[in-house]
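Fold and geometry: a report
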Amino acid sequence: MKIGLLDADLMDHGTRHPNLALMKIAGYYKDKGDEVALIYHSYSDVHDYDEIFISKVFTFSDIPKWILNLPNVHIGGTGFFENGGKDLPEEIEHHKPYYDLYKEYVEKQIENGRNRVTFADYLDYSIGFTTRGCFRKCAFCVNKKYDRVHRHSPVSEFYDPDKPYIYLWDDNILAFPQWEEVLDDLEKTGKPFQFRQGIDLRLMTDRKAYRFNHTHYHGDFIFAFDHLKDKQRIIEKVQLWKRYSSRVCKMYVLSGFDSQDEKDIESVFERISVLMKYGSLPYIMRYEKYKESRFKGMYIELARWCNQPQFFKKKSFREFCVANQECKKNKETNCAAYQTMLDFEQEFPEIARKYFDLRFDRENIYQQQYGYGRRYENKPLCSQCKTEGTCWTGLIQPDEETEKRFLQLYFTKKIDLECLRYSNSECKDKELISEALIRVLLKYSIEEILELISSATDVEPVTKENIPQYSDLEDASYGVNKILIEAGEELIFEDLGYYLEKKRDPNTIKTVALKKYGENHAKLATLMDLAIIGKRGIKSKIVASVLGESIYKLDENKQAALIKKLFIRIPIVQNVFRANDINQIDKDLDVLSVTTKKRRRSNVINVVRSIVEDNEELSKKIGLQGE
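Overview of the structure. Residue numbering note: each chain is counted from 1, following its sequence as written. The predicted origin of the model limits local features to residues at a pLDDT of at least 70 and limits the giving and counting of side-chain atom pairs to 80 or more, whereas totals for whole chains, interfaces and linings rest on all residues. Here the side-chain values reflect all heavy atoms present in the structure, with hydrogen atoms and water set aside.

To continue, consider the overall build of the protein. Secondary structure follows DSSP: runs of H or I at least 4 residues long count as helices, runs of E at least 2 residues long count as strands, and numbering of each begins at the N terminus. Regarding its fold elements, the protein presents 29 helices and 14 strands. Judged by the C-alpha coordinates and their principal axes, the protein covers about 95 × 65 × 55 Å. Out of the 627 residues in the protein, the part that is buried amounts to 53%. Contacts spanning at least 24 positions in sequence make up 71% of the contacts within the protein whose residues lie at least 6 apart. Accessibility here uses a 1.4 Å probe with only protein chains present; expressed as a share of the type maximum, an area under 20% marks a residue as buried, one over 50% as exposed, and anything in between as partly exposed. Contacts are residue-level and defined by heavy atoms, with any inter-residue pair within 4.5 Å sufficient.

See below:
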């Protein structure tokens, strides 16, 4: 039997996504011994097949009516039926997709000069659903068939080991109670993956944020901010997410659904402004009814501005429209973008005044993040700190129990002074708080601090990245901080290496070597909480930390006393004292290659030796004498 498969979306306007239902049908009939083929040349080709399966995802995809009247035609998909129509039979629904269904079509398109990247979804991905369903039943969404999220299939059902990536069409993965089992299943493949439908940010928790940010995720994390009524919830959850993520995330912003008037435009702008502030990129999703609005032009220009990150990150809406006008060859008339902006501003000046000049690169509170060597990526929610009693202001006039609790949290990196730099931090006086921490650090002995760390149940693990590497311990513990503060500006690794190496003739040292020297010593200083290594563009920027700024003002004796204690912030060093065994170093170094392990071992030993210097009892306790 000859089976013809027709992708109505592909035939009408082209689509970047293969049709999963058709690939499953193809796989099923092919395994039965039938001949299967994608119909893509002409609708008239349907006459060459015994059975025709047509799938359509989008309602606006057009298809000749005469085809639908043929007796051997079977149709399905949300483009035909609001709820997608009848489910595929179980034996087809759970059959492995035939990924070569589109192969001939794609090859011909590439031969004709189209870019392979356009067809990445056809060529590079295993595609499937691990779960189905969503409980929300949003009015604009076609997915209302199920009342809850349930497990649909194991990854193995649609996984092709020859494909480099996986993408999932799950409707609401975070609403599935066993979502971690799905992640475990995906991670076993070793392939990067992505949930294409977006992830429901409103259901985010600390555990979910941690797990997703520690998976091999492919591409952008995408969430949604569909309704302004969710504003406070989104603000709370995006901050929770950013605690674990340094990446800019994207959010779908629904427009033209609730209404198509100036109030809807204002709602879109307000949601954009929230996303700007919390380091997220909006992606404007226009509901079909926007075409009926007298503000159709505004919807179009908002989408053009937001949906091109290279513009959105650097230009306000006004600047974007002005830039369009400046590119126009005939300056005697206004371009569509510029005229649309002028017309709206004239009619609604208050909305324009509030939103037209906002810029992502000015509003984003995550411009400076925690960076390298810290346990988290950004500050926690202030409300969470209040609930847990971990606001830094609690250290200004503490009792002994509070002091010890804060020291334990500080050395296990559960709390971080760098949260004081954020504009939305409720602990405002960073200088006073930093001085309070220094006072407590000086008050407690090394042995007392080690005891607090040893009793901690949650310590930072040793990784390849947080094992120190350096040439001169003094350069890292004193030189880096001194240079950063006296420079009074951000430095890059090469510049820092140049200033550190002035004791030698820097003209005899290659730039690559200077960069590596600066990087290694900046990283150790950061592990000690004396510096911050952030990432902007392609070059890391180094600045003095909040604590580093305060330590710089102290006399040499106090600085020396603090430096010894700050070495204890390094996880591999902590583990030596937690185990009371210098040989713990060798166990922890197993995360490195054999050659690297040998080089780093002496680095760690020297840091430990520095801590126990003049403390024979502590040195004996960990067995350092044999080293």
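Still more to cover.
Time to look at the environment of Asp 555. In this structure, Asp 555 sits in the loop between α24 (546–551) and α25 (556–566). Here a polar contact means two N or O atoms within 3.5 Å. Within protein one must be a hydrogen donor candidate and the other an acceptor candidate, and residues neighboring in sequence count only if both atoms are side-chain atoms. A polar side-chain atom of Asp 555 sits 3.1 Å from the main-chain amide nitrogen of Asn 557.

Moving on, we come to a negative patch on the surface. On the surface, Asp 100, Glu 104, Glu 107 and Glu 111 cluster together into a negatively charged patch. Position of Glu 111 among the secondary structure elements: in helix α5 (residues 103–111). Exposure remark for Glu 111: the relative accessible area of 65% places this residue in the exposed category. Grouping into patches uses exposed residues only, defined as over 30% relative accessible area, and leaves out salt-bridged ones; the cut-off is 9 Å for like charges and 5 Å for nonpolar side chains (Val, Leu, Ile, Met, Phe, Trp, Tyr). All accessibility values rest on the Shrake-Rupley procedure with a 1.4 Å probe; residue burial counts only the protein chains present in the view. Salt bridge criterion: a side-chain nitrogen from Lys or Arg within 4 Å of a carboxyl oxygen from Asp or Glu. Neither His nor the chain ends contribute to the count of charged residues, in which Lys and Arg are positive and Asp and Glu negative. We put the charge of a Lys on NZ, of an Arg on CZ, of an Asp on CG and of a Glu on CD.

In this description, strands pair whenever DSSP reports at least two bridges between them. Sheet architecture is open: three strands sit in the order β10-β11-β12, paired in parallel fashion. At either margin of the open sheet sits one strand with a lone partner, and together these are β10 (222–224) and β12 (280–286). In this sheet, adjacent strand axes meet at a mean angle of 30° when their direction is disregarded. As paired strands, strand β11 (residues 249–255) and β12 are joined by seven bridges and run parallel to one another. Bridge pairing in β12 links Met 251 to Pro 282. Fitted lines through C-alpha atoms give the axes, limited to the stretch in contact for helices. The angle between two N-to-C directions lies from 0 to 180 degrees. Taken strand by strand, helix α9 (residues 231–244) contacts β10, β11 and β12, and its axis lies near 160° from that of β11. The strands touched by helix α10 (residues 262–277) are β11 and β12; relative to β11, the strand with the most contacts, the crossing angle is about 170°.

What follows is about the packing of aromatic side chains. By convention, a stacked pair of Phe, Tyr or Trp rings (six-membered ring in the case of Trp) has centres within 6.5 Å and planes under 30 degrees apart, an edge-to-face pair has planes over 60 apart, and any other such pair is tilted. Applying the stated criterion across every chain, the model contains 40 aromatic pairs. Each ring, one from Trp 179 and one from Phe 212, has its centre 6.2 Å from the other, and the planes form 25°; the classification is stacked. Here the residue Trp 179 occupies a position in helix α7 (residues 179–187), and Phe 212 occupies one in helix α8 (residues 206–213), the gap between them amounting to 33 residues. Residue Trp 179 shares its accessibility class with Phe 212, and that shared class is buried. With a centroid separation of 6.1 Å and an interplanar angle of 55°, the aromatic rings of Phe 195 and Phe 212 are classed as tilted.

What follows covers the sheet that holds strand β9 (residues 193–195). Read across the sheet, three strands follow the order β5-β8-β9 without closing on themselves; strand pairing throughout is parallel. In this open sheet, the two edge strands, each paired with only one partner strand, are β5 (125–128) and β9. Neighbour-to-neighbour, the strand axes of the sheet open up by a mean angle of 20°, direction not taken into account. For β5 and strand β8 (residues 165–168), the ladder comprises four bridges, and the chain directions are parallel. Bridge assignment links Tyr 125 to a residue of β8, and that residue is Tyr 165. Relative to the sheet, α7 contacts β8 and β9, its axis offset from that of β9 by approximately 145°.

Turning our eyes to something else, we now look at the nonpolar core. The definition of a nonpolar core used throughout is a set of buried Ala, Val, Leu, Ile, Met, Phe, Trp, Tyr and Cys residues joined through side-chain atoms within 4.5 Å. Within the largest apolar cluster, 187 residues are counted, with the highest numbers of intra-cluster contacts made by Tyr 102, Phe 195, Phe 212, Phe 269, Trp 305, Trp 392 and Phe 577. When near neighbours in sequence (up to four residues on either side) are disregarded, Trp 305 contacts Phe 269, Ile 272, Met 276, Phe 311, Phe 312, Lys 315, Ser 316, Phe 317, Phe 320 and Leu 358.

Glancing now at a positive patch on the surface. The grouping of Lys 515, Lys 516, Lys 535 and Lys 539 at the surface amounts to a positive patch. Tracing the backbone shows Lys 539 in strand β14 (residues 539–544). Among the residues examined, Lys 539 registers a relative accessible area of 38% and is labelled partly exposed.

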